[in-house]
Amino acid sequence: MSTDLASLENERVLLSSLTIDNYEKLIPIASQEKLVQYSPSDIYTPASLKNYVETALEEKNRKTSIPFLIYDKANKQYAGSTRYMNINWKNKVLEIGSTWIGREFQGSGLNTEMKHLMINHAFDKMGFEKIEFRIDERNVRSRKAVEKLGGVLEGTLRSNVYLLDGFKRNTCCYGLLKAEWST
């Protein structure tokens, strides 16, 4: 039951621990307009990004989250952030979420490579049996990406999360069982 995962890496992506010492590498990406339009997370200013990271690190201390800094090895640039979250060690279920990457990395295959890396590690090394994804129902691009990975829509939580603009979104809940995953 350790959240002290230093890094995950494949040929395309390096996921390293997101810390208060390295989060500033994300400031240029986080400040992109409407980057997280479907998310309740405020990351647009250096101060709000720091608060976002501090919250993620508090969750890490409670062993319910493992936040990562995303480095795109092909482009030799920091690309964004992701995390294992809502970790339920007893029931062997976790969520992959709070994922955001800069526009210049979207559609490049980086997100798919990163998700494969995280899913394989969660199932094969951490012993989890189910991975969940929660996505704003309007975010068709992210929903299709999770479905392409094998995620199954398990239901929709209606009007359950306020976004920064005050809109209350519906959240689609996807699940992927270890038995369903093929690398």
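Report on the accompanying structure. (Residues numbered from 1 in each chain as written. Predicted model: local features only at pLDDT ≥ 70, side-chain atom pairs only at ≥ 80, totals over all residues. Heavy atoms only, no water.)

1. Quick word on the overall build of the protein chain
Okay, step 1: Assigned secondary structure in the protein chain consists of four helices and eight strands.
Okay, step 2: Sequence-ordered secondary structure for the protein chain, helices as α and strands as β, is β-β-α-α-β-β-β-α-β-α-β-β.
Okay, step 3: With respect to the principal axes defined by its C-alpha atoms, the protein chain has extents near 40 × 35 × 35 Å.
Okay, step 4: Taking all 183 residues of the protein chain together, the buried fraction comes to 46%.
Okay, step 5: Contacts in the protein chain between residues at least 24 apart in sequence constitute 59% of all its contacts with a sequence separation of at least 6.
Okay, step 6: For the protein chain, the accessible area works out to roughly 9600 Å², and carbon and sulfur atoms hold 47% of it. (Helix = DSSP H or I, 4+ residues; strand = E, 2+ residues; numbered from the N terminus. Buried < 20%, exposed > 50% of the residue type's maximum accessible area, 1.4 Å probe, protein only. Contact = heavy atoms within 4.5 Å. Areas by Shrake-Rupley, 256 points an atom, 1.4 Å probe, with all protein chains shown as cover.)

2. Considering the environment of T55
Okay, step 1: Mapped onto the elements, T55 comes out in helix 2 (residues 46-61).
Okay, step 2: Separated by 44 residues in sequence, T55 and E11 place their C-alpha atoms 30 Å apart.

3. Observations regarding the nonpolar core
Okay, step 1: In terms of nonpolar packing, the biggest core is built from 33 residues, with L15, Y84, L94, I119 and F133 touching the most fellow members.
Okay, step 2: Residue assignment for this core shows that the elements contributing at least two residues are strand 2 (13-17), strand 3 (65-72), strand 4 (77-88), strand 5 (93-101), helix 3 (110-124), strand 6 (130-136), helix 4 (140-149) and strand 8 (168-177).
Okay, step 3: The dominant element in this core, judged by the number of residues it contributes, is helix 3, at seven residues.
Okay, step 4: Not counting the four nearest positions on each side in its chain, L15 is found in contact with A6, S7, L8, F68, L69, I70, T82, M114, L117 and M118. (Core = buried A, V, L, I, M, F, W, Y, C linked by side-chain atoms within 4.5 Å.)

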